[in-house]
Each structure stands twice: as structure tokens, then as C-alpha cells.
Amino acid sequence: MPRSPPGRARHNGRMAESMTVHGDVELLARAGHLFSSVREEFVCAARDLDTWPRPAARQVARSRVRDSGATRVRKLLSPAALADEGGRAHLNELAARGARVRIAASALPHETIIIDRRWAILAGADAPGGRAYTVTAAPTLVGGVHALFEAAWEAATDLASFLRGEQPQLDAGSRKVLRALGSGATDEAAARELGMSLRTYRRRVAELLDALDAGSRFQAGVRAGELGLSG
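What you see is a predicted model, and the numbers here were worked out from it, not measured in a lab.

## A few points about the sheet that holds strand β3 (residues 18-22)
Then, number 1: Taken together, 8 strands build an open sheet; the order of strands is β3-β9-β8-β7-β4-β5-β6-β10 and the sheet is mixed. One side of each edge strand has no neighbouring strand; the edge strands of this open sheet are β3 and β10 (157-158).
Then, number 2: Direction of pairing for β3 relative to strand β9 (residues 132-136): antiparallel, over a ladder of 5 bridges. In the strand pairing of β9, T20 is matched with T134.
Then, number 3: Contacts between helix α5 (residues 139-155) and the sheet are confined to β4 (41-46), β5 (72-77), β6 (100-103), β7 (112-115), β8 (119-123), β9 and β10, with β5 contributing the most and set at about 70 degrees to the helix.

## Here we look at the packing of aromatic side chains
Then, number 1: Enumeration according to the criterion identifies 2 aromatic pairs in this entry.
Then, number 2: Between R74 and the ring centre of W153, over which it is positioned, the NZ or CZ distance is 5.0 Å.

## Remarks on the pattern of salt bridges
Opposite charge on two side chains permits them to pair, given that their charged atoms come into close proximity.
Then, number 1: Counted according to the given criterion, the structure contains 14 salt bridges.
Then, number 2: A salt bridge links R88 to E85; its shortest N-O distance comes to 2.6 Å. In this pair, R88 and E85 are both assigned in helix α4 (residues 85-96), 3 residues apart and thus about one turn of the helix distant.
Then, number 3: Note that R203 is salt-bridged to E207, the shortest N-O span being 2.9 Å. Of this pair, R203 and E207 both sit in helix α9 (residues 198-211), separated by 4 residues, roughly a single helical turn.
Then, number 4: A relative accessible area of 44% places R203 in the partly exposed class.
Then, number 5: Classification of E207 as partly exposed rests on a relative accessible area of 38%.
Then, number 6: Each of the salt bridges in this network shares a partner with another, and the network as a whole consists of E41, R72, R74 and E150.

## Re the nonpolar core
Then, number 1: By size, the foremost hydrophobic cluster in this structure holds 30 residues, and its most contacted members are F42, L77, L91 and V135.
Then, number 2: If we skip the residues at most four places from it in the chain, L77 touches A46, D48, L49, L91, V101, R102, I103, A104 and L108.

## What to know about the packing of helix α7 (residues 172-183) against α9
Then, number 1: The geometry of α7 relative to α9 is characterised by a closest axis approach of 10 Å and an angle of 95 degrees between their N-to-C directions. With respect to each other, α7 and α9 are oriented roughly perpendicular. Touching G173, S174, V177, L178, A180 and L181 of α7 are Y201, R204, V205 and L208, all from α9.
Then, number 2: Residue composition of the contact of α7 with α9, by class: 7 nonpolar, 2 polar and 1 charged.

About the cut-offs
Residues numbered from 1 in each chain as written. Predicted model: local features only at pLDDT ≥ 70, side-chain atom pairs only at ≥ 80, totals over all residues. Heavy atoms only, no water. Pairing = 2+ DSSP bridges. Helix = DSSP H or I, 4+ residues; strand = E, 2+ residues; numbered from the N terminus. Contact = heavy atoms within 4.5 Å. Axes fitted to C-alpha atoms, helices over the stretch in contact; angles between N-to-C directions. Phe/Tyr/Trp six-rings, centres within 6.5 Å; stacked < 30°, edge-to-face > 60°. Lys NZ or Arg CZ within 6 Å of the ring centre and 35° of its normal. Salt bridge = Lys/Arg side-chain N within 4 Å of Asp/Glu carboxyl O. Buried < 20%, exposed > 50% of the residue type's maximum accessible area, 1.4 Å probe, protein only. Core = buried A, V, L, I, M, F, W, Y, C linked by side-chain atoms within 4.5 Å. Parallel < 35°, antiparallel > 145°, perpendicular 65-115°, else oblique. Nonpolar A, V, L, I, M, F, W, Y, C, P; charged D, E, K, R; others polar.

So, in C-alpha cells, the structure goes:
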């Protein structure tokens, strides 16, 4: 969708039914009031917690939603959002404040926000000039996006349940093996680099595949990425 000229973003003081902006600063400038207008439900699906390139803009959006009249907040995130202690602490804090948080089984695409089932904000891919955001109130589009969100939500796992056992815990040795697998080195070279015998290395690889519930080394890499586990 082409970028809407500033003069066409609003008609008679109202926002156009759909528009596209570039970068989070422009999104806040032209559609930031939507985050303050939530009255019933705010839902967000995202790959991780860094949904806004500029931290200041992210804080503004969060504050506006928090200070709005939203009665329900739902967050659906990829496992990568739990990759560090800060992310887990933030999500636990959200849950403690009444938000419902679920973790999808695999990585999610670009961020999606739905406000009161009236507005949807769809983020594009990262780009040098800033991501494009499509803001729409088109009923058919908002309804379709909401239906997709509900399907993903129903298949996801509650945050507390996921943290209790869904995410495997890898020790330092397993992470080194995971990093070696990702490097593409031969077993012999990897074992030598890690200072272990070839037999021990292959045993550790087998243990890693079992921990990640992966049937192959390639699948282990994919699974580790989905879970936000780094080597």
C-alpha cells in the first residue's frame, strides 16, 4: 500500500479508514491517540519485546495503553521473548497486573495490534528507513486479522505453564555444542575446538537433540531459534 500523504491521513478531522506510515515516530505522531483510546480490549501479537526500534516510543505506547480504559489486555509472543531474565520479568509483571500472556509454539511473523476490534496496526519488515505500519479500520480486514489472532491464541500456552516446563534449560556445555552445530563445522573440528573426544561430542549432540525434541541437527537449530535459545 502506498504511503498516504499527510493531507490525506485525515478527512474532516477524522483518520482515514486505512493509511500507511513509516517508522515508529510517525506512527505515534499520526495514530498514537489510538493507544489512549482503548476502552475494552487491547491485543498484541509479536515476535519479541523489541517491537519498537526506539525505546522512548515504545514506552509512550505502553504508557498510553496502561492509562487508557482497557478492561482486557492480551499478549501473544514467540518463545524468543523469554530469552533473557528481563523479558521474563516484564511478562510476569504484565501478568501480575492482570494482562493475559500466552506463548506461541513457534516464531510469530511481524507485530500485530488490535484495538477494541475497531482498529488494527500491522507492522512490516525491518527496513533502513524504518518499518512500514499499516493502520486500518476496514471492518473486513480488522475482522480477518482478529480471527487469525484468536486461532493462534487458542493454540498457544499460558505464560506460567510455559515457564514451568515447556522451555528446555541448556547448560553452558550444551550451548557450546549448539553454537558448534550452527557454525557448520565438522564433528571432528567441533570436538577438537571444544576440547572433547569425538565420541563425547556426538553424545552431547544426541543429548541436545533430545532436549530440544528435534529429529535432526537442522531441526535442532530451528527449534533453538524458535525458543530464543542462543548458542
